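Listed here are the chains, written in short residue letters.
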Amino acid sequence: MEISALFQRLCLVEIRRLLMVIGVAVVVIILFQCFALPYGKGWSVSPANEGSVVLLVSNPILPNSSKSSIRVFNIMTNGSDSSDLGEEDEAEIADKDADYELKSDKILQNDVMLKLGETLGKSSITVTDNTSSQEKSIETGSKQLEQVDENGILEATTSSTFGGIQSNAGTVPGVLLSISKKNGENRDRDSIASDSFFPTKVISLDHVVTQTKNAESLQTISVTLNNNSTRDSHSISTLKRWERSTSMSQMNSLLIHSLVYSHSMRPQRLYVRDRELLSAKLEIENAPRVDNPPGLYAYAFRNISMFKRSYELMERMLKVYVYKEGEKPIFHQSKMRGIYASEGWFMKLIEGNKKFVVRDPRKAHLFYLPFSPHMLRVAMFDRNSHNQKELAEFLKNYVDLVAKKYSFWNRTGGTDHFLVGCHDWASQLTRHHMRNCIRVLCNSNAAKGFKIGKDTTLPVTYIRSAENPLKELGGKPPSERPILAFFAGNMHGYVRPILLEFWENKEPDMKILGPMSRDNAGKRRYREYMKRSKYCICARGYEVHTPRVVESIFYECVPVIISDNYVPPLFEVLNWEAFSVFIQEKDIPNLRNILLSIPEEKYVAMQMGVKKVQQHFLWHKKPVKYDLFHMILHSVWYNRVFQMESK
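Just so it is clear, the model here is predicted, and its values are computed rather than measured.

Reading guide: rules and limits
- Residues numbered from 1 in each chain as written.
- Predicted model: local features only at pLDDT ≥ 70, side-chain atom pairs only at ≥ 80, totals over all residues.
- Heavy atoms only, no water.
- Helix = DSSP H or I, 4+ residues; strand = E, 2+ residues; numbered from the N terminus.
- Buried < 20%, exposed > 50% of the residue type's maximum accessible area, 1.4 Å probe, protein only.
- Contact = heavy atoms within 4.5 Å.
- Areas by Shrake-Rupley, 256 points an atom, 1.4 Å probe, with all protein chains shown as cover.
- Expected span 1.5 Å × (residues − 1).
- Polar contact = N/O pair within 3.5 Å; in protein donor to acceptor, adjacent residues only side chain to side chain.
- Axes fitted to C-alpha atoms, helices over the stretch in contact; angles between N-to-C directions.
- Parallel < 35°, antiparallel > 145°, perpendicular 65-115°, else oblique.
- Left-handed = near helix turned anticlockwise from the far one by under 90°.
- Nonpolar A, V, L, I, M, F, W, Y, C, P; charged D, E, K, R; others polar.
- Pairing = 2+ DSSP bridges.
- Phe/Tyr/Trp six-rings, centres within 6.5 Å; stacked < 30°, edge-to-face > 60°.
- Lys NZ or Arg CZ within 6 Å of the ring centre and 35° of its normal.

Draft legend 1. Structural detail: the overall build of the chain. Scanning the chain for helices and strands turns up 16 helices and 22 strands. Burial statistics for the chain: of 647 residues in total, 57% are counted as buried. Summarising the internal contacts of the chain: among those between residues at least 6 apart in sequence, 72% fall at separations of at least 24. About 28,200 Å² of surface is accessible on the chain, with carbon and sulfur atoms providing 52% of the total.

Draft legend 2. Quick peek at helix α5 (residues 304-317). An ideal rise of 1.5 Å per residue puts 20 Å on 14 residues; α5 measures up with 20 Å between its terminal C-alpha atoms. When α5 is considered as a whole, its buried residues turn out to be Ile304, Ser305, Met306, Phe307, Arg309, Ser310, Tyr311, Leu313, Met314 and Met317. Summarising the contacts, the buried residues of α5 are in contact with α4 (272-285) and α16 (628-643). Residue Asn303 occupies the N-cap position of α5, its side-chain oxygen lying 3.2 Å from the main-chain nitrogen of Ser305.

Draft legend 3. Helix α8 (residues 388-405), seen in detail. For α8, built from 18 residues, the straight-helix expectation of 26 Å at 1.5 Å per residue is met to within 8% by its first-to-last C-alpha distance of 26 Å. Where α8 begins, the capping side chain belongs to Asn387, and its oxygen is found 3.1 Å from the backbone nitrogen of Lys389.

Draft legend 4. View of the packing of helix α7 (residues 373-382) against α8. The geometry of α7 relative to α8 is characterised by a closest axis approach of 10 Å and an angle of 115° between their N-to-C directions. Regarding the angle of α7 to α8, the classification is roughly perpendicular. Between α7 and α8 lies a crossing of right-handed hand. In contact with Leu376, Arg377 and Met380 of α7, α8 contributes Glu390, Leu391, Phe394 and Leu395. Of the residues belonging to the contact of α7 with α8, the class tally is five nonpolar, no polar and two charged.

Draft legend 5. Inspection of the pairing of strand β15 (residues 417-421) at higher detail. Within β15, five of the five residues are buried, which leaves the element mostly enclosed by the surrounding structure. Along β15, one buried face is formed by His417, Leu419 and Gly421 and the opposite face, lined by Phe418 and Val420, is buried too. Direction of pairing for strand β14 (residues 366-368) relative to β15: parallel, over a ladder of two bridges. Bridged to Tyr368 within β15 is Phe418. Where β15 lies against strand β16 (residues 438-441), four bridges are found, and the strand directions are parallel. By the bridge assignment, Gly421 is partnered in β16 with Leu441.

Draft legend 6. Geometry of the sheet that holds β14. With parallel pairing, five strands are arranged side by side in an open sheet as β13-β14-β15-β16-β17. In the strand order of this sheet, the two ends are held by β13 (320-322) and β17 (456-457), each with one partner. Relative to the sheet, α16 contacts β13, β14, β15, β16 and β17, its axis offset from that of β16 by approximately 150°.

Draft legend 7. Examining the packing of aromatic side chains more closely. The full count for this structure, using the stated rule, is 27 aromatic pairs. Aromatic pair Tyr311 and Tyr626: ring centres 4.6 Å apart, planes at 45°, arrangement tilted. You can see Tyr311 sitting in helix α5 and its partner Tyr626 sitting in the loop between α15 (600-613) and α16, a full 315 residues away along the chain. When sorted by exposure, Tyr311 lands in the same class as Tyr626, which is buried. Ring geometry for Phe346 and Phe629: centres 5.5 Å apart, planes at 35°, overall tilted. Of this pair, Phe346 sits in helix α6 (residues 341-351) while Phe629 is found in helix α16, placing the two residues 283 residues apart along the sequence. Judged by relative accessible area, Phe346 falls into the buried class, the value being 0%. The side chain of Arg302 reaches across the aromatic face of Phe571, ending 4.3 Å from its centre. One Lys or Arg, Arg377, reaches over the ring of Trp425 and ends 5.9 Å from the middle of that ring.

Next up, the structure:
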């Protein structure tokens, strides 16, 4: 009897333990869904087309009580072609997409971004409306995804206005993701190790989620646009995380402030090179007035007298030491073609230069860190390093190496060192251990750590021929440019889909297109559009920079820059408003009216300015005066000079 009672008590204890384990497991699952998957708790997988699988997250947990429906972007591509003339070749398109996938992962984990509507190949996506009694399906190619939630896939809250257009803003809990599949196996995003990851081309849209406490500075906006084009009759909804936009006048003020108030780390005592820089600063500030110096277009410069004197002093005085440390391919190896060619051209030309480069570091005013962020990413991914933290740690070790071997880094904290990087990640990788350096970056976002007056912008130059970088240079005169505005390219980022939705096939004199074919005929047609257009639209992609800015100048087309917070190249010396147009992203619906409101005589003057500044944006195999190599070097010199404190 006692044994039987003891056995029953033991059973009860075991049952309680089992229930406790089950309870803990349930709590863990709930917490996982609340934090790791805060926008949905049901997973459904269905094939999309060859080489891809579409993953559907649904059954949203809504933080807001009020509800109003939104609809999802209809994503379509023109067959297998998803090219972007003037931006990337096929391998680099995959590289950009891989970068964006990895960055999206981190943002999703921090609950501030929701990436929506990425699909492969031909696709068309529609989503149920929770206010409608009619059930709709989600189609991808010829396949269908089962509806998971009876309340619909997506819901949004809060009504707001965007550029005069009614829109919904709030939390979007549902998300559609595309996971690439190769050889029958799912590939995790963090396993991306080469540019050939995606079997087909990708078009993706950014959808961002914000927390209520950040509503003032970080706002989620869904823009519902009426789609009257032939593409589809459905509305388009695009979400963007709005940063505080820095206007051109504010950027100008920041530049002036940086020239007046130095923020450089002052060495304990002034060395010979420091005194030389201080002397140069005094001469530049008191430069004799010149109005029309030969070889320069005065109206395109902020202060032509100061620039001319500064450039002369640079040619006469500047000495640069290039660190020998570092092995190829990350260091001392340049890539001369493609979207990241700028960092490669500068590296090659500075390392081969005998006028500015010295062998004795004690004679140097500036120190160049000769690494390529693009090659770093490629090489480290090949070594199974899949995140920015590991890449940043690699650079930290390099800085520690040169700081230990030489005294120059520690003497100034790195303020007389500079680096050149065009890859999207360069800004993030160098923002901590190299934050004091003069950073020459393509990704010059004033809202994300780019310091106007210290850092300088590297122009994105898409080089198609390393042997002849000036091929096809020039364009038609103003009287032979019948097209008001032109754009063509992939739907990278959130701005371009909005641009096309408003202006694709809307006006006969506005050629706003998606991707164009990459064959010779397509490339020729792209060039002809630029050569025959008054204004060329330079809409940001995933990041603020785009090669279309330099392409526009290359083909003598007035650039129209639609990229909030983008600091344009050579900003320290050039007056960009003399030869280009800046339009805020929120003003895309008014694009045509803005361009038509520009008087003809002002357009002609801007187009003349484009032709005159063209020389400053050209690469030469053997550098020439005032070319892009010299202008980038001058911007580094200029910023360093004005970092020097005279007291």
